[in-house]
Amino acid sequence: MPVKNRFAELLPQITAWRRDFHEHPELLFDVHRTAAKVAELLRGFGCDEVVEGIGRTGVVGVIKGKTDTVGRVIGLRADMDALPIIEQTGLPYASKTKGKMHACGHDGHTAMLLGAAQYLAETRNFDGTAVVIFQPAEEGGGGGREMVKDGMMERFGVQEVYGMHNMPGIPVGHFAIRPGAMMAAADQFDITITGKGGHAAKPHDCIDTTVVAAHVIVALQTIASRNVDPLKQVVVSVCVVETDSPAHNVIPQVVKLKGTVRTMDHSVQDFVEQRISDIVSGVSLAMGARGEVAYSRGYPVTMNAPENTDYAAEVALAVSGHVDTDAAPLMGAEDFSFMLNERPGAYIFVGNGDTAMVHHPAYNFDDNVIPFGSSWYAGMVEARMPAA
Ligand SMILES: [Zn+2]
Ligand SMILES: [Zn+2]
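Residues numbered from 1 in each chain as written. Chains lettered and ligands numbered in written order. Predicted model: local features only at pLDDT ≥ 70, side-chain atom pairs only at ≥ 80, totals over all residues. Heavy atoms only, no water.

Asker: What exactly am I supposed to notice about the coordination of the zinc ion (ligand 2) here?
Answerer: Ideal geometry at a metal centre gives angles of 109.5 degrees when four donors are arranged tetrahedrally and 90 or 180 degrees when six donors are arranged octahedrally. Protein coordination at the zinc ion (ligand 2): the donors are Cys104 (SG), His106 (NE2) and His165 (NE2), at 2.0 to 2.3 Å from the metal. One chain supplies every donor to the zinc ion (ligand 2), and in sequence these donors are spaced C-x1-H-x58-H. Separation of the zinc ion (ligand 2) from the zinc ion (ligand 1) amounts to 3.1 Å, with cysteine 104 serving as a shared donor to the pair. Linking cysteine 104 in the loop between strand E3 (73–79) and helix H3 (106–123) with histidine 165 in strand E5 (residues 160–167), this pair joins segments that are 61 residues apart in sequence. On the basis of relative accessibility, which here comes to 5%, the residue histidine 165 falls in the buried class. (Donors = N, O, S within 2.8 Å, 3.2 Å for Na, K, Ca; no water. Helix = DSSP H or I, 4+ residues; strand = E, 2+ residues; numbered from the N terminus. Buried < 20%, exposed > 50% of the residue type's maximum accessible area, 1.4 Å probe, protein only.)

Here it is, written out as structure tokens:
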């Protein structure tokens, strides 16, 4: 199973879809044009069922194989949303909407899965059912979570689920994956330190919240450096410091700190949440102030099931001959994790070559990736549900 010849024939068409999505980027759940086009194309391919509005603006297509002797159902997922970035690629098909840009390559993911869907609907050379999943709001909105909450897995009987993301820095046509934690859980915290504001020339009459905040920021660094096992991954970043006074001569009453926590392991995640709470309240109390933390959990760890990781790697190897099965995990987060929490599956990177990094205004998805990505999606269906 090398790159499927059919995708060489379909390449101009898939590339045209990709560039059309690129010209018309949409954000979060507001992917109405993209979703409508995806649904229209899926219907045109002759999918057995096409359902819109799952997880608000998600689209699901169902393609039945020639036979269905064991009742197997495999889900394949792509994301459809863009980013609030001003594009600087100078491409002829650059974004027509200033401030919105497909800077993460979701235009490519959607086009590649559409190509796979067309091929699977034409050939149906498998025993079972393929479910193609197009989700909104990967970039912070939790579209994957919304589709799961909408009962997608049960409604379509999905048993295993597979996702793919392009990655600059990996050669085009090469794949990278690892079993276990592939991407981090991303949480956020809002810290409020309340002291006693007043005249900056009379600090002894105040409880200086800026000094307390400075101690809290330094103490939070000890979570990664002194508390968590050095062999486990953790990031604690304070990204915002806000006081309630813009003046040079006022000690603020309140200081707010905001930041993010990245972990790869549930026990580390629980531990860090507790340490932040203890440090903020303890350090504040020691200096006469009051410290409070609002901690909210975001995307969970993207956890590749070992067996399914092997299946994904085998297909990638057959498609391209180049698979790194010990890829370094990333501390970024991915909301495909919500689907992987529901069903076993795996998430794989496909190389985008030597381009700007995703989320950069000069980034562009490389259309040469399409035959590899579409072949992998289609190959997963044929490999996991071989024709009877
Ligand atoms: Zn992204
Ligand atoms: Zn992305």
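The structure having been displayed, the exposition proceeds.
Asker: Is there a simple way to explain the coordination of the zinc ion (ligand 1) in this structure?
Answerer: The zinc ion (ligand 1) binds to the protein through Cys104 (SG), Glu139 (OE), Glu139 (OE) and His359 (NE2), with metal-donor distances spanning 2.0 to 2.7 Å. Spacing between the donor residues of the zinc ion (ligand 1) along the chain follows C-x34-E-x219-H. For glutamate 139, a relative accessible area of 19% gives the class buried. What makes histidine 359 partly exposed here is its relative accessible area of 40%.

Asker: Which parts of the structure should I look at to understand the pairing of strand E2 (residues 58–64)?
Answerer: Put simply, side chains in a regular strand alternate between the two faces of the sheet. Counting buried positions over the seven residues of E2 gives six, a clear majority of the element. Bridge analysis of strand E1 (residues 49–54) against E2 gives five bridges, and the strand direction is antiparallel. Residue pairing in the sheet places glutamate 52 in a bridge with valine 59 of E2. Hairpin connection from E1 to E2: three residues lie between these consecutive antiparallel strands, with glycine 55 at a positive phi of about 65°. (Pairing = 2+ DSSP bridges.)

Asker: What's the story with the layout of surface pockets in this structure? I'm lost.
Answerer: It is a probe the size of a water molecule, rolled over the atoms, that shows where empty space is left. Each pocket or cavity is described by its volume, and for the largest pocket that value is around 500 Å³. Considering the residues around the largest pocket, the lining is formed by 25 residues, among which Glu138, Tyr299, Gly332, Ala333 and Glu334 are closest to the centre. Looking at the lining of the largest pocket, its residues break down into eleven nonpolar, seven polar and seven charged. (1 Å grid on protein atoms, 1.4 Å probe; cavity = no way out; pocket = protein on both sides within 12 Å on 5 of 7 lines; lining within 4 Å. Points joined across faces, edges and corners; volume = space filled by probe spheres on them. Nonpolar A, V, L, I, M, F, W, Y, C, P; charged D, E, K, R; others polar.)

Asker: I keep staring at the nonpolar core and nothing clicks. Help me out?
Answerer: Looking at soluble globular proteins, one finds that nonpolar side chains tend to be buried together. Leu42, Leu76, Phe134 and Trp376 are the most contacted members of the largest nonpolar core, which has 63 residues in total. Residue contacts for phenylalanine 134: discarding those within four places in its chain leaves Val38, Leu42, Gly58, Val59, Ala78, Met80, Thr110, Leu113, Leu114 and Met147. Of all hydrophobic cores here, the second largest spans 25 residues; its members include Val73, Val158, Ala176 and Met183. (Core = buried A, V, L, I, M, F, W, Y, C linked by side-chain atoms within 4.5 Å. Contact = heavy atoms within 4.5 Å.)

Asker: What is the right way to look at the environment of methionine 339 in this model?
Answerer: Within the secondary structure, methionine 339 sits in helix H9 (residues 337–342). Given the relative accessible area of 0%, methionine 339 is considered buried. With 176 residues separating them along the chain, methionine 339 and glycine 163 place their C-alpha atoms 9.5 Å apart. Once you skip the residues sitting within four places of it in the chain, methionine 339 turns out to touch Arg77, Ile133, Gln135, Gly144, Met147, Val148, Met152, Met153 and Val161.

Asker: Can you walk me through the state of the cysteines in this structure?
Answerer: By definition, a disulfide links the sulfur atoms of two cysteines through a covalent bond. Taken as a whole and judged by the stated rule, the model has zero disulfides. Cysteine 239 takes part in no disulfide bond, and the closest cysteine sulfur, belonging to cysteine 104, lies 19 Å away. (Disulfide = S-S within 2.5 Å.)

Asker: Looking at this structure, I do not really get the packing of aromatic side chains. What am I missing?
Answerer: By convention here, two paired aromatic rings are described through the distance between centres and the angle between planes. Tallied over the entire structure, the rule returns six aromatic pairs. Seen in terms of ring centroids, phenylalanine 7 and tyrosine 119 are 5.3 Å apart; in terms of plane orientation they differ by 45°. Their pairing is tilted. Residue phenylalanine 7 is found in helix H1 (residues 5–23), and its partner tyrosine 119 is found in helix H3; the two are separated by 112 residues along the sequence. Here phenylalanine 7 and tyrosine 119 have matching classes, each one buried. Ring centres of tyrosine 299 and phenylalanine 338 lie 5.7 Å apart, and the angle between their planes is 85°; on these two criteria the pair is classed as edge-to-face. With tyrosine 299 in the loop between strand E13 (290–297) and strand E14 (302–304) and phenylalanine 338 in helix H9, this residue pair connects regions lying 39 residues apart in the sequence. Under the relative-accessibility criterion, phenylalanine 338 is labelled buried at 13%. (Phe/Tyr/Trp six-rings, centres within 6.5 Å; stacked < 30°, edge-to-face > 60°.)

Asker: Just checking my understanding: could you explain the sheet that holds strand E10 (residues 234–243) for this structure?
Answerer: In a beta sheet, neighbouring strands pair by backbone hydrogen bonds and run either parallel or antiparallel. Pairing is antiparallel in the open sheet, where four strands are placed in the order E10-E12-E8-E13. Two strands lie at the open edges of the sheet, namely E10 and E13, each paired on one side alone. The average undirected angle you get between the axes of adjacent strands in this sheet is 20°. Both strand E8 (residues 185–194) and E13 contribute to a ladder of eight bridges, which runs antiparallel. Note on E13: the bridge partner recorded for phenylalanine 189 is tyrosine 295. Packing of helix H7 (residues 266–286) onto the sheet brings it into contact with E8, E10, strand E12 (254–263) and E13, and relative to E13 it is tilted by some 165°. (Axes fitted to C-alpha atoms, helices over the stretch in contact; angles between N-to-C directions.)

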